[in-house]
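Working through the structure, step by step
As a plain string of letters, each chain reads:
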Amino acid sequence: MIFAPTELTPAEERLRRDVREFLAAELPPDFRPGLGLGGRHDPEFSRKLAAHGWVGMAIPTEYGGGGATPVERFVVVEELLAAGAPILAHWVAERQTAPTLLAFGTQEQREWFLPRIAAGECWFSLGMSEPDAGSDLASVRTAATKVDGGWLVNGTKIWTSAAHLNHFFVVLCRTSPAEDRHHGLSQLIVDLHAPGLKVSPIHYLDGGHHFNEVVFDDVFVPDDRVLGEVGAGWHQVTSELAYERSGPDRYLSVFGLLKAFVTEFGESFDDAQRAAVGRASAKLWTIRQLSLAVARSLERGAAPAVEAALVKDIGTLYEQEVVEVLRHVAGQEIDPGGARMFERLLAEAVQTAPAFTLRGGTTEVLRSIAAKGLTGARR
Ligand SMILES: Cc1cc2nc3c(=O)[nH]c(=O)nc-3n(C[C@H](O)[C@H](O)[C@H](O)COP(=O)(O)OP(=O)(O)OC[C@H]3O[C@@H](n4cnc5c(N)ncnc54)[C@H](O)[C@@H]3O)c2cc1C
């Protein structure tokens, strides 16, 4: 396992300043930051960002992207998340679907989807989890049966973020019964408005609509929407999950909360509050350096899956700790309708923080991946 110390180059620092200036101009002064992926789904903002070349940055230029490095993308994403910008529309397509299409998609799929993703106009959800398959993804039961010209899909996906707002989702499904449960799985690109598909909300504790249940009833998916090889879905989905981990989204979810605490109460901090903010800031910087090291290592062409799993583990535990510590030292009642931004964000964070260590793989599962990776490395 390697976390090589690294810093941003002057050009990368300039990019950071450009993004900050853009955000200062675009976001109103009373803007309520989204907490992590709680950022709003705002197609107009995604298009403006894309016009600056900051969506699909890592997509090669031949497909309409920016051809940027993983660290350049890291810089932009870090600024967007620190500001709590409304990035939900393009988020999954940009972070996850685009690299998956580049790795496994057909030329035709790349030519059709990638320029649209880079323009901030084509939005994806993730269709992995099912009622009885979350951590244990290999037990998915959504099944695709071969028919003339394509596949008929039946089954149920759950916890599908933003499926009611997006255009497509990549669905992990069983295309043949297999004795080895890791074989016989495939990925299909499914239109979220296809006939036979029903998207129903699963509301958050606070009433918010982020999640969905998606039911397939004989949904037809044409052959040219098979992503990668039929039967290679397990290998593909596990590589895809590496893009989902280790990024700034795993330690910046509550940055807006920390910032609001300092901005609104910093002048009158007592010793305990000052110490709490100091500790939270120091830890944030340490985790950020680890995440940056992973991005730099990706830039060099390495595949730091174990490092990525560990950064997500410590990053998301850090996020939950910040919520608990601030709640304790602030000494306030939880009030979603509070007069100050900090109070409103704290109420939201208390209700959503449990999800930080679930989405993208639970803490236990990530530690198991890291342990297996380290054991393998020793052998
Ligand atoms: C905010 C949020 C957004 C999400 N968005 C999406 C999405 O868009 N698309 C999608 O497909 N999914 C999504 N998910 C689902 C998420 O990926 C799953 O919730 C997660 O993988 C855990 O699966 P599960 O809920 O079935 O829990 P389970 O797998 O049932 O786990 C329950 C508990 O058992 C533990 N456990 C399970 N297996 C092991 C093991 N082998 N060893 C030790 N402990 C174990 C887990 O750590 C956990 O504590 C989202 C989840 C959240 C919270």
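Residues numbered from 1 in each chain as written. Predicted model: local features only at pLDDT ≥ 70, side-chain atom pairs only at ≥ 80, totals over all residues.

1. Section: the domain arrangement of the chain
One widely used convention gives an interface's size as the accessible area the parts lose upon coming together. To keep things clear, this is the line we draw: Residue ranges labeled as domains rest on an automatic or database domain assignment. By the criterion used throughout, residues are in contact when their C-beta atoms, derived from the backbone, lie within 7 Å. Each residue is assigned to one class: nonpolar for Ala, Val, Leu, Ile, Met, Phe, Trp, Tyr, Cys and Pro, charged for Asp, Glu, Lys and Arg, and polar for all the others, Gly among them.
Segmentation of the chain into domains returns domain 1 (10-122), domain 2 (126-231) and domain 3 (245-378). Summarising the inter-unit geometry, the C-alpha centres of domain 1 and domain 3 are found 21 Å apart. Residue-level contacts link 15 residues of domain 1 with 19 residues of domain 3. In the side of domain 1 that touches domain 3, the residues fall into nine nonpolar, four polar and two charged.

2. What about the site of the ligand?
For clarity, the threshold we go by: Placing the C-beta atom from the backbone, one calls a residue near a molecule or strand if that atom lies within 6 Å of it. A run of DSSP states H or I qualifies as a helix once it reaches four residues; a run of E qualifies as a strand once it reaches two. Both are numbered from the N-terminal end.
In the vicinity of the ligand, 19 residues are found, and the nearest of them are M128, G134, S135, T362 and E364. Looking at the shell around the ligand, the elements with two or more residues in it are β1 (124-127) and α11 (363-378). Residues that form the shell around the ligand fall into these classes: six nonpolar, ten polar and three charged.

3. Observations concerning the packing of helix α9 (residues 305-330) against helix α10 (residues 341-352)
Here is the rule we go by: Where helices are involved, their axes are fitted lines through C-alpha atoms of the stretch in contact, as for all axes, and angles between N-to-C directions lie from 0 to 180°. Roughly parallel covers angles under 35 degrees, roughly antiparallel covers those over 145, roughly perpendicular covers 65 to 115, and oblique covers all other angles. Each crossing gets its hand from how the near helix is turned against the far one by less than a right angle, where anticlockwise is left-handed and clockwise is right-handed.
The N-to-C vectors of α9 and α10 enclose an angle of 135°; their axes lie 10 Å apart at closest approach. The pairing of α9 with α10 is recorded here as oblique in orientation. The interaxial crossing formed by α9 with α10 has left-handed handedness. Note on element contacts: α10 touches α9 through L346, A349 and V350, opposite V323, L326, R327 and A330.

4. Regarding the environment of L23
Residue position: L23 is located in helix α1 (residues 10-26). With residues near it in sequence (within four places) discarded, L23 still touches E79, A83 and A85.

5. Examining the nonpolar core
Selection criterion: Connectivity within a nonpolar core runs through C-beta atoms within 7 Å, and the core itself is a set of buried Ala, Val, Leu, Ile, Met, Phe, Trp, Tyr and Cys residues. Here a residue counts as buried when 20 or more other C-beta atoms sit within 10 Å of its C-beta, as exposed when there are 12 or fewer, and as partly exposed otherwise, the C-beta atoms being derived from the backbone.
Counting 99 residues, the largest nonpolar core has F169, L188, V190 and L257 as the members making the most contacts within it. Each residue touching V190, except ones within four places of it in the same chain, is listed here: G127, F168, F169, V171, V219 and V221.

6. Looking at the pairing of strand β6 (residues 197-203)
Look at any regular strand and the pattern is simple: side chains alternate between the two faces of the sheet. What counts here: At least two DSSP bridges between two strands are needed for those strands to be called paired.
Among the seven residues that make up β6, zero are buried, leaving the element largely open to the surroundings. Two elements, β6 and strand β7 (residues 209-222), share seven bridges in a ladder whose sense is antiparallel. When the bridges of β7 are listed, K198 appears paired with V215. Where β6 folds back on β7, the antiparallel hairpin that results is connected by five residues, among which G207 adopts a positive phi of roughly 90°.

7. A closer look at unusual backbone geometry
Negative phi characterises most residues that are not glycine, and trans characterises most peptide bonds. Positive phi outside glycine occurs at W159, with the angle close to 60°. Structurally, W159 is set in the loop between β3 (150-157) and β4 (168-174). Phi angles above zero are rare outside glycine, and A162 is one such case at about 55°. Within the secondary structure, A162 sits in the loop between β3 and β4.

8. Some thoughts on the environment of L80
Within the secondary structure, L80 is located in helix α3 (residues 70-83). A residue is classified by how many C-beta atoms lie within 10 Å of it, and L80, with 24 of them, is buried. Once the C-alpha coordinates of L80 and T156 are considered, the two residues, 76 residues apart in sequence, prove to be 33 Å apart. In contact with L80, not counting residues within four places along its chain, are A85 and I87.

9. Section: the pairing of strand β2 (residues 143-147)
Relative to β3, β2 runs antiparallel, the two sharing five bridges. Residue pairing for β3: T145 is matched across the bridge by L152.

10. Structural notes on helix α8 (residues 271-299)
Basically, it comes down to this: Each helix should span, by expectation, one fewer than its residue count multiplied by 1.5 Å.
With 29 residues, α8 extends 42 Å from end C-alpha to end C-alpha; this agrees with the ideal 42 Å at 1.5 Å per step. Taken as a whole, α8 has its buried residues at Q273, A276, V277, A280, I287, S291, L292, V294, A295, R296, S297 and L298. Buried positions along α8 lie against α3, α7 (255-265) and α9. Just downstream of α8 lies G301, where phi reads positive at about 90°.

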